[in-house]
Amino acid sequence: MNLPNKLTVMRMALIPVFLVFMLAESIPHRYLIAAVIFAAASFTDYLDGHIARRDGLVTNFGKLMDPLADKLLVFSALVCFIELEMSSALIVFIILAREFLVTSVRLIAAEQGTVIAADIWGKMKTVSQIIWVLVALIALWLEESWPLFMTVSPGASAPPAPVIFLIGLSFVIQTIVVILTVFSGFNYIWKNRSLLGDIK
């Protein structure tokens, strides 16, 4: 197994570790640790693709497992966000439906011997998702850790401005993610409509 594929496998192995910290309420600073794990796993996505293209190490395993690992990583966070009320089931459904739709078109293209590379809108969608997850996790960490700071600031009762700002920012980024998700999905289908035959 070459290095890019090992990085892909490592990214998948980090997903259950990420989920443990997301869901285990007894672990101190769990959201901060989860954010570090998510950031590291996301970086391996860039790294394995860069190495594979640079060294000519593109394999069928990588073509299959690399995008699958990416989607599993992001959706593991989004499913947790539903329980944590940082997102709604509808938004997660929209994002999931887009991924199923795009994957289906790619499968049709593969059957016809065509490889469809991700365009700029798809890449922007992916980057915005990563930023959203990281901002939301930092906000959750600060919100959960705020009672620990009460001894430093006696008499303070409301969360500090940074917490309020980051929670608000995460919902703004979430809106951007949804817009990019829908637009990139329709753009993807329209650009490759010739593969579907019936769409003119």
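Remember, it's a predicted structure, so these values are computed and weren't measured experimentally.

Regarding unusual backbone geometry
Okay, step 1: Despite not being glycine, His29 has its phi angle at roughly 55°, a positive value.
Okay, step 2: Relative to the helices and strands, His29 resides in the loop between α1 (3-23) and α2 (30-55).
Okay, step 3: For His29, a relative accessible area of 36% puts it in the partly exposed group.
Okay, step 4: Notably, Glu85 is not glycine yet its phi reads approximately 60°, a positive angle.
Okay, step 5: Relative to the assigned elements, Glu85 resides in the loop between α3 (60-83) and α4 (89-111).
Okay, step 6: Relative accessible area serves as the criterion here: at 66%, Glu85 is assigned to the exposed category.

Looking at the pattern of salt bridges
Okay, step 1: Enumeration over the complete set of coordinates arrives at ten salt bridges.
Okay, step 2: A salt bridge links Glu99 to Arg98, with the nearest nitrogen and oxygen atoms 3.4 Å apart. The burial state of Glu99 is the same as that of Arg98; both residues are buried.
Okay, step 3: Glu99 serves as the salt-bridge partner of Lys125, at 2.7 Å between the closest nitrogen and oxygen. Within this pair, whereas Lys125 is found in helix α5 (residues 120-145), its partner Glu99 is found in helix α4, the two being separated by 26 residues in sequence. For the pair Lys125 and Glu99, a shared accessibility class is recorded, and that class is buried.
Okay, step 4: Taken together, the shared-partner salt bridges in this structure form one network comprising Arg11, Asp45, Asp48, Asp66 and Asp70.

A word on the UniProt feature "transmembrane region" (unreviewed entry) in the protein chain
Okay, step 1: As recorded in UniProt, the sites labelled "transmembrane region" (unreviewed entry) are residues 6-24, 72-97, 126-142 and 162-190.
Okay, step 2: Between the C-alpha atoms that bound residues 126-142 there is a distance of 25 Å. The span itself is 100% helix and 0% strand.
Okay, step 3: Between the end C-alpha atoms of residues 162-190 there is a gap of 41 Å, over a span that is 100% helix and 0% strand.

As for the packing of α3 against α4
The description of two packed helices rests on the angle between their axes and on the distance between the axes.
Okay, step 1: Between α3 and α4, whose axes approach to 9 Å, the crossing angle comes to 160°. If you check the angle between α3 and α4, you find them roughly antiparallel. In this structure, the crossing between α3 and α4 has a hand that is left-handed. Taken together, the residues of α4 that come into contact with α3 (itself represented by Lys71, Phe75, Leu78 and Ile82) are Ala89, Val92, Ile95, Leu96, Glu99, Thr103 and Arg106.
Okay, step 2: Here the residues of the contact of α3 with α4 are counted per class, giving seven nonpolar, one polar and three charged.

Cut-offs and rules
Residues numbered from 1 in each chain as written. Predicted model: local features only at pLDDT ≥ 70, side-chain atom pairs only at ≥ 80, totals over all residues. Heavy atoms only, no water. Helix = DSSP H or I, 4+ residues; strand = E, 2+ residues; numbered from the N terminus. Buried < 20%, exposed > 50% of the residue type's maximum accessible area, 1.4 Å probe, protein only. Salt bridge = Lys/Arg side-chain N within 4 Å of Asp/Glu carboxyl O. UniProt positions renumbered as here; feature names shortened; annotations may be inferred. Axes fitted to C-alpha atoms, helices over the stretch in contact; angles between N-to-C directions. Parallel < 35°, antiparallel > 145°, perpendicular 65-115°, else oblique. Left-handed = near helix turned anticlockwise from the far one by under 90°. Contact = heavy atoms within 4.5 Å. Nonpolar A, V, L, I, M, F, W, Y, C, P; charged D, E, K, R; others polar.

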